[in-house]
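# Examining the three-dimensional arrangement
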Amino acid sequence: MGNFDGDSGTVFEQSYATTNGNGRVAGANGIGNGAANFSPPEKQELLSQRKFSAPAYTEIRTRRCHSKPTNDAKSPSLINYHPEKKSISNGHASVLSESKPNQAEGKLSPEQEHFQKTSFEEVPLHTACLTYLGFYLLMILGYINQLLFVPKVATEKGREGYVKLYDAFESFYSRYVYRRIKDCWNRPICSVPGEELTLKDRVTDDYGWSFKFTGTETRCLNLGSYNYLGFAAATGRCADDSEESAQESGLAYCSSRCELGDNEQLQELEAQTARYFGVEDAIVFGMGFATNALNLPSLIGPNSLVISDEKNHASIILGLRLSGATTKVFKHNNMRDLERVLRQGICYGNPKKGGQPWDKVLILVEGIFSMEGSIVRLPEIIALKKKYKAYLYLDEAHSVGAMGSRGRGVTDYFNVDPKEVDILMGTFTKSFGSAGGYLAGSKKLIDFLRTNSHAHCYAASISPPIAQQILTSMKTIMGEDGTEIGRKKIHQLARNTRYFRRRLAQLGVITYGHEDSPVVPMLVYLFSKIGAVVRTLTTRHIAAVGAGFPATPIMEGRIRFCLSAAHTKEQLDFALEAIDEIADDLGLKYSRKPRDPNPVVY
Amino acid sequence: MVAIQLFNEIGSIFRNTPTFALVLETLLVITVIWLLLHRRGGGRRRRLTKEEEDQIIADFEPEPLVGDTDPDHPLLRTRIVQSKVGKQIRVDGHDCLNLGSHNYLGFLEDQEILDEACKSLRKYGVGSCGPRGFYGTMDVHLDLEDRIAKFMGLEEAIVYSYGFSTVASAIPAYAKRGDIIFVDEAVNFAIQKGLDASRSTIAFFKHNDVEDLERLLIEMEKRDQKNPKKALKTRRFLVAEGIYMNTGEICPLPELVALRQKYKLRLFLDESISFGTLGQGGHGVTEHFNVDRDEIDLISAGMEGSMATIGGFCVGSHFIAEHQRLSGLGYIFSASLPPMLTQAAISALDRFEREPKIFEQLQSKAKTLHQKFSQFSKLTLRGNELSPVKHLYLAQAAENFDKELKLLTELADKCIARGVAVVQAAYLQNRERQPVRPSIRIAVNRLLEDADIATAFEVIESVSNAVL
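Bear in mind that the values here come from a model prediction, so they are computed numbers and not experimental data. (Residues numbered from 1 in each chain as written. Chains lettered and ligands numbered in written order. Predicted model: local features only at pLDDT ≥ 70, side-chain atom pairs only at ≥ 80, totals over all residues.)

## Some thoughts on the overall build of chain B
The helix and strand tally for chain B stands at 19 helices and 15 strands. For 468 residues, the compact-globule estimate of 2.2 N^0.38 gives 23 Å, and the C-alpha radius of gyration of chain B, at 29 Å, exceeds that figure by more than 25%. Considered along the principal axes of its C-alpha atoms, chain B spans approximately 100 × 55 × 50 Å. Split into buried and exposed, the 468 residues of chain B put 49% on the buried side. (Helix = DSSP H or I, 4+ residues; strand = E, 2+ residues; numbered from the N terminus. Rg over C-alpha atoms; globule rule 2.2 N^0.38 Å. Buried ≥ 20, exposed ≤ 12 C-beta atoms within 10 Å, placed from the backbone.)

## Examining the overall build of chain A
Looking only at helices and strands, chain A features 19 helices and 16 strands. Scored against the burial criterion, the 602 residues of chain A give a buried share of 52%. Sequence-distant contacts in chain A: of pairs separated by 6 or more residues, those separated by 24 or more amount to 75%. (Contact = placed C-beta atoms within 7 Å.)

## A few points about the domain arrangement of chain B
All names here are of chain B. By domain assignment, chain B separates into domain 1 (76-102 + 357-467) and domain 2 (108-354). Between the C-alpha centres of domain 1 and domain 2 there is a distance of 26 Å. With 20 residues of domain 1 at the interface, the matching set in domain 2 holds 20 residues. Looking at the side of domain 1 that touches domain 2, the elements with two or more residues in it are α17 (357-373) and β12 (389-394). (Domains from an automatic or database assignment.)

## Re the pairing of strand β16 (residues 557-562) of chain A
All names here are of chain A. For β16, the tally of buried residues reaches 6 of 6 residues, placing the bulk of the element in the interior. Every second residue of β16 is oriented toward a common face, with Gly557, Ile559 and Phe561 on one face and Arg558, Arg560 and Cys562 on the other, all of them buried. The sheet contact formed by strand β13 (residues 519-525) and β16 spans 6 bridges and is antiparallel. The residue bridging Pro521 from the neighbouring strand is Arg560, located in β16. Bridging between strand β15 (residues 545-547) and β16 involves 3 bridges; their strand directions are antiparallel. Paired with Gly546 across the strands is Ile559, a residue of β16. (Pairing = 2+ DSSP bridges.)

## A few points about the interface of chain B and chain A
Put simply, an interface is often sized by how much accessible area is lost when its parts join up. Listed per partner, the contact involves 92 residues of chain B and 101 residues of chain A. Looking at the side of chain B that touches chain A, its residues break down into 47 nonpolar, 26 polar and 19 charged. With 2 bridges connecting them, strand β4 (residues 262-263) of chain A and strand β1 (residues 80-81) of chain B associate as parallel partners. Note on β1 of chain B: the bridge partner recorded for Asn263 of chain A is Val81 of chain B. (Nonpolar A, V, L, I, M, F, W, Y, C, P; charged D, E, K, R; others polar.)

## Topic: the sheet that holds strand β11 (residues 437-441) of chain A
Residue and element names in this part refer to chain A. Judged by pairing direction, the sheet is mixed, and its 7 strands sit side by side in the order β5-β11-β10-β9-β8-β6-β7 without closing on themselves. Of all strands in the sheet, those with a lone pairing partner are β5 (281-285) and β7 (326-330), marking the two edges. Going from strand to strand, the sheet's axes swing by 20° on average, the running direction of each strand aside. Bridge count for strand β6 (residues 304-309) against β7 is 5 bridges, and the pairing is parallel. (Axes fitted to C-alpha atoms, helices over the stretch in contact; angles between N-to-C directions.)

## Notes on the sheet that holds strand β8 (residues 266-270) of chain B
All names here are of chain B. Pairing is mixed across the open sheet formed by 7 strands, whose spatial order is β4-β10-β9-β8-β7-β5-β6. Two strands lie at the open edges of the sheet, namely β4 (156-160) and β6 (201-205), each paired on one side alone. Along the sheet, successive strands turn relative to each other by an average axial angle of 20°, direction set aside. Looking at chain direction, strand β9 (residues 298-302) and strand β10 (residues 312-316) are connected through 5 bridges and run antiparallel. Within β10, the position partnered with Gly302 by the bridge is Gly312. Of the strands in this sheet, β4, β9 and β10 are in contact with helix α6 (residues 139-152), which crosses β4 at around 130°.

## Considering the packing of helix α9 (residues 210-226) of chain B against helix α11 (residues 253-263) of chain B
Residue and element names in this part refer to chain B. Axis separation between α9 and α11 bottoms out at 11 Å; the angle between their running directions is 10°. As judged from the angle between their axes, α9 and α11 are roughly parallel. Judged by residue contacts, Val210, Leu213, Glu214 and Leu217 of α9 engage Glu255, Leu259 and Tyr263 from α11. The residue makeup of the contact of α9 with α11, split by class, is 5 nonpolar, no polar and 2 charged. (Parallel < 35°, antiparallel > 145°, perpendicular 65-115°, else oblique.)

## Observations regarding the UniProt feature "domain: Aminotransferase class I/classII large" (unreviewed entry) in chain B
Mapped onto the present numbering, the UniProt feature "domain: Aminotransferase class I/classII large" (unreviewed entry) falls on residues 95-453 of chain B. What you have in residues 95-453 of chain B is 44% helix and 16% strand, and the ends, taken at the C-alpha atoms, are 16 Å apart. (UniProt positions renumbered as here; feature names shortened; annotations may be inferred.)

## Description of unusual backbone geometry
Residue and element names in this part refer to chain B. Phi is positive for Asp92, close to 50°, though the residue is something other than glycine. For Asp92, a count of 14 C-beta atoms within 10 Å translates into the label partly exposed. Its identity is not glycine, yet Cys129 carries a phi of approximately 55°, on the positive side. Along the chain, Cys129 turns up in the loop between α4 (111-124) and α5 (132-136).

## Considerations on the UniProt feature "transmembrane region" (unreviewed entry) in chain B
The residues that UniProt annotates with the feature "transmembrane region" (unreviewed entry) are residues 20-37 of chain B. As annotated, residues 20-37 of chain B has a helix share of 100% and a strand share of 0%, and its two end C-alpha atoms lie 26 Å apart.

## Some remarks on helix α8 (residues 189-198) of chain B
All names here are of chain B. Across the 10 residues that make up α8, a large majority, 9, are buried. Within the span of α8, buried status applies to Phe189, Ala190, Ile191, Gln192, Lys193, Gly194, Leu195, Ala197 and Ser198. Phi turns positive, to about 60°, at Arg199, one or two residues after α8.

## Section: the environment of Leu537 of chain A
Residues and elements named next belong to chain A. Looking at the element boundaries, Leu537 is found in helix α18 (residues 527-539). Residues Leu537 and Ala578, 41 residues apart in the sequence, show an inter-C-alpha distance of 7.2 Å. Once residues lying within four places of it in the same chain are set aside, the contact partners of Leu537 are Ile542, Ala544, Ala578 and Ile582.

## Topic: the environment of Tyr132 of chain A
The topology assignment puts Tyr132 of chain A in helix α5 (residues 125-148). On a C-alpha basis, the gap between Tyr132 of chain A and Met555 of chain A in space is 6.9 Å, while along the polypeptide they are 423 residues apart.

## Observations concerning the confidence of the model for chain A
Residue and element names in this part refer to chain A. Per-residue pLDDT for chain A has a mean of 82; in total, 82% of the residues score no lower than 70. Segment residues 1-79: pLDDT under 50, and 123 contacts once partners within four positions in sequence are set aside and those in other chains are kept. Segment residues 87-106 is flagged for pLDDT under 50; beyond a separation of four residues in sequence, or across chains, it makes 32 contacts in the model. (pLDDT = per-residue confidence, 0-100.)

## Observations regarding helix α12 (residues 378-387) of chain A
Every α-helix carries 3.6 residues per turn, so stepping three or four residues along brings you back to the same face. Residues and elements named next belong to chain A. Most of α12 sits inside the fold, with 7 of its 10 residues counted as buried. Here α12 has its buried residues at Leu378, Pro379, Glu380, Ile381, Ile382, Leu384 and Lys385. Of the surrounding secondary structure, the elements contacted by the buried residues of α12 are α4 (110-117), α11 (335-348), β8 (360-366), β9 (391-395) and α13 (410-413). Downstream of α12 by one or two residues, Lys389 has phi in the positive range, about 55°.

## Examining the packing of α17 of chain B against helix α19 (residues 450-467) of chain B
All names here are of chain B. Two elements in contact, α17 and α19, have axes separated by 10 Å at closest approach and are oriented at 25°. By the angle class used here, α17 and α19 are roughly parallel. Helix-helix and strand crossings are classified by hand; for α17 and α19 the assignment is right-handed. Mapping the contact onto sequence places Thr368, Leu369, Lys372 and Phe373 in α17 and Asp450, Ile453, Ala454 and Phe457 in α19. Taken together, the residues that form the contact of α17 with α19 break down as 5 nonpolar, 1 polar and 2 charged. (Left-handed = near helix turned anticlockwise from the far one by under 90°.)

## Quick look at the confidence of the model for chain B
In this model, chain B carries an average pLDDT of 92, and 98% of its residues clear a pLDDT of 70 or more. The ipTM assigned to the predicted complex is 0.89, against a pTM of 0.85.

## Things to note about the pairing of strand β3 (residues 94-98) of chain B
Residue and element names in this part refer to chain B. With 4 bridges connecting them, strand β2 (residues 88-91) and β3 associate as antiparallel partners. Following the sheet pairing, Gln88 is matched in β3 by Leu97. If you look at the hairpin formed by β2 and β3, you'll find 2 residues sitting between the two strands, and Asp92 has a positive phi there, around 50°. Here β3 pairs with strand β13 (residues 420-421) via 2 bridges, running parallel. What sits directly across from Leu97, in β13, is Val420.

Here it is as structure tokens:
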């Protein structure tokens, strides 16, 4: 796990160097034509956008002169916003301008373009050493702690002489390492997870073994929930429709789709989903996680080869495990490695069957990788998939709604025909503010799933208010409700994303991922800094998510910000100011890249 | 000094060894080296040249992604429910008495629960927009977990957002490769998937047959005596359902508990049906048999039956249940249960505690229906008399399961047309561990009147006489 970063880091650096050197177009000329093809009006917009869109990740300037313009960039209204003082109006519609977020600079090949906008900056050596040192120190202290003090943890009663239930390391890790920053996760909230949320304050008197509620609440700016398009709300059209649906059809069907759980609403939802993506048919399920875990086994069997990105989500990995297929992993978003693995896989066949050819080869990738913030290289993958006659399964859990000018996900973002992707998968939890998942594709595929999907046959069908939320929000995004709300939301998210990422880069912190991805991981490396940053942010009324080992490699502790269309510029400035100060205090400004001295225009 | 001594020692070994032995050993070393290098370099086959690779890729003819689906496949045709689900239901345009939805306590019709859920919607919105770890934990979730734990008299409960994923995530959180799980062969599909995910060794015993289970356990004991080292590391689990979804039978819990103690197994119970239906207070199969709940290591249940919402939970001691918060895949990596559905579960628990007589009502309805439905002339009934889930099979077996399914589907269709909603149980026959005999799955609703049961009996009897 740990050495991945070095490798792919160099790949990105290389492609960056070649583009900057003499404009030589390296590699993959023919592959993909996604982002570079624009119709004339879009091009015009792009040109006008170019004036102020100096890519923060690449522009070479001196480091010293950044601080002053940064201060200038802070808007005067910044002081006005505070989650606990609700004085200002959040009129985000008023700050909308008609400029489209730019997607490409004409002259670069799409692949180079993509890499240029994707940042995976390498960690400074001394930080790497410190991180490992810090981690091992934590472990050693943990072991000493375990030896000296009787753990306060519950012990098993009435099971003397049984084989131990837990792996020793696993329980050690959760008790003596994870416990130290346990308070940064599972924080209870008591409000809508919208652009702001209300934390229920809790304290621990015993270093994380247990928590007590203080009875107070803290209003925070929400940079942690997956509320990309801002459909999480307790009022408004979606909530009204959901309530009406609940009153009309009840809360559940208490049956599976194949028994007495099918209804017109779900059929409408499936038709709507298919229309949304411009494919023939779709099938929906009650849980996003189960959509992967319970459908992959129907699609692939033991004589199938699956080529999976190393950063794929746990639900995919579980689905693959259940399917019994052979899985080979390629380096994160690295097309050369994907091609190498594909070639080898196909040429040498199934080793368990003496090199017999595979039944089928499936490439499995995500649209936006939730921990990395990177965007899949879809055009190249489609080219490779065609070249090697493989199939493509695209998990758009985070990208559907959040990517593309029409919110249709990464196919829309790259202007790729969705029919080029064999299986489109995604969830309704995030951009649609609901719950559940879908699979979309050809009629043949969906019919097969209707007769073979575990979730379709055995699991409960979607609850009516949940389905209604998806329907209403999807119609809003598509503009079928007759308003511009959906389009504006998509636009606002794209703008927020650009702004926030550029400002962060300007601050000098290391962020991962692509410029257009609303998932923004900020690297803090050290285990202890995850806790420190999350806690300090909370005192500044900002809710963000930390992620560390085992969710990420030991080296790469990070804070993740998820942007939303519901955020306003004032809110983002408020957050950025806090992050700036915290980054200074805790030493998070690791980036050695030159910073853009010009103020970032919203 | 030490080095010189060592050198002399080695020298003397060489001098004292006969030449043939030296030659033999050298050859051996060369063979080992050759084998190692050969494996690494050549792989399973010799390396291909670029042209050969291109040729193989050009010749590669993958199967289509999915096979063709028979347009008449029984699962392609679903029935459309056109009303709120309750004692009455509108299916495909027919108003019917509902004997198909697993709404045992009739809570889907309960306006109070619905209103409380809607109030919750107005406070929290619809979705939770995040997994439990990342701001997806709302106070209602913690509340529900507390309430379930208290209701069951156990230390800790953990709520999942999907019934299917509850038990399917709980089993692999504990059982790993190398462990052994003893399972009843009739367990539902969710458990089967949990077993698959655990990668443990699975030993199936005959449905509700304690002797068969003991036979397997004795075999295990013999194996353990042969290999005591391995036995010390092998965790053993016993997995059963409270009431079996696929048969309607109650598990012989006291006997299972006795075996659990004798052979040091850990007992996991799936109470998706029995929770909220069995026992005086609806506490499930443990209360039914008056077994101490500490004897069970982990109880899991879906909330998609008696609680009439979505999701599921696991409940047990703190030591056991807490582990899933870091190891239950479906818990960590899935968005949390929508708050309004969580609230519905809390409201259902309120009703459980406020009106414990509903369980007795349900059980007496189940008994009445059992007595009545045992009298079909062409159908046989299976299931415990107290169970709200029962199965009707053809009394005279047809030549194969497909044929039986066809007949049962026809029977269900005609019953629906005549105002009694019953459905054939849906199975993925090719994915189940072993094919399950087709049946009509009857779900008893607390609100059924004796007259309703009599009507249903007459309709089904007359339809079955006509169809079969």
